[in-house]
Amino acid sequence: MAYPMTSRVSAYVTHALMRQLEHDRLGDLLMELEETRGPVTDEELAAARAEWPQA
C-alpha cells in the first residue's frame, strides 16, 4: 500500500524528470538548428520577442 506522501513525492519527481527531458530535447533541437541554419541574429531575436505575448 502506497502512503499519500510517497505518492505525492513520486508524482513530483516524475513531473520534474519529464520537464528536464523536455528541456534537454529542446536544447538538442536548438543546437541542431544552429548547426544547420546558423545562429539566431539579433534582429530575429527582437522580432520573436515583439511577437511573444506579454505576461
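Reference entry: report on the structure contained in this document.

Parameters at a glance
Residues numbered from 1 in each chain as written. Predicted model: local features only at pLDDT ≥ 70, side-chain atom pairs only at ≥ 80, totals over all residues. Heavy atoms only, no water. Patch = residues over 30% accessible without salt bridge, like charges linked within 9 Å, V, L, I, M, F, W, Y side chains within 5 Å. Areas by Shrake-Rupley, 256 points an atom, 1.4 Å probe, with all protein chains shown as cover. Salt bridge = Lys/Arg side-chain N within 4 Å of Asp/Glu carboxyl O. Lys, Arg positive; Asp, Glu negative; His and termini not counted. Charge placed at Lys NZ, Arg CZ, Asp CG, Glu CD. Helix = DSSP H or I, 4+ residues; strand = E, 2+ residues; numbered from the N terminus. 1 Å grid on protein atoms, 1.4 Å probe; cavity = no way out; pocket = protein on both sides within 12 Å on 5 of 7 lines; lining within 4 Å. Points joined across faces, edges and corners; volume = space filled by probe spheres on them. Nonpolar A, V, L, I, M, F, W, Y, C, P; charged D, E, K, R; others polar.

## Thoughts on a negative patch on the surface
A cluster of acidic residues, Asp24, Asp28, Glu32, Glu34 and Glu35, forms a negative patch at the surface. Considering the arrangement of structural elements, one finds glutamate 35 in helix H1 (residues 4-37).

## Side note on the layout of surface pockets
By volume, the largest pocket is sized at about 180 Å³. In this structure, the largest pocket is lined by Leu30, Leu33, Glu34, Arg37, Gly38, Pro39, Val40 and Glu44. Here the residues of the lining of the largest pocket sort into four nonpolar, one polar and three charged.

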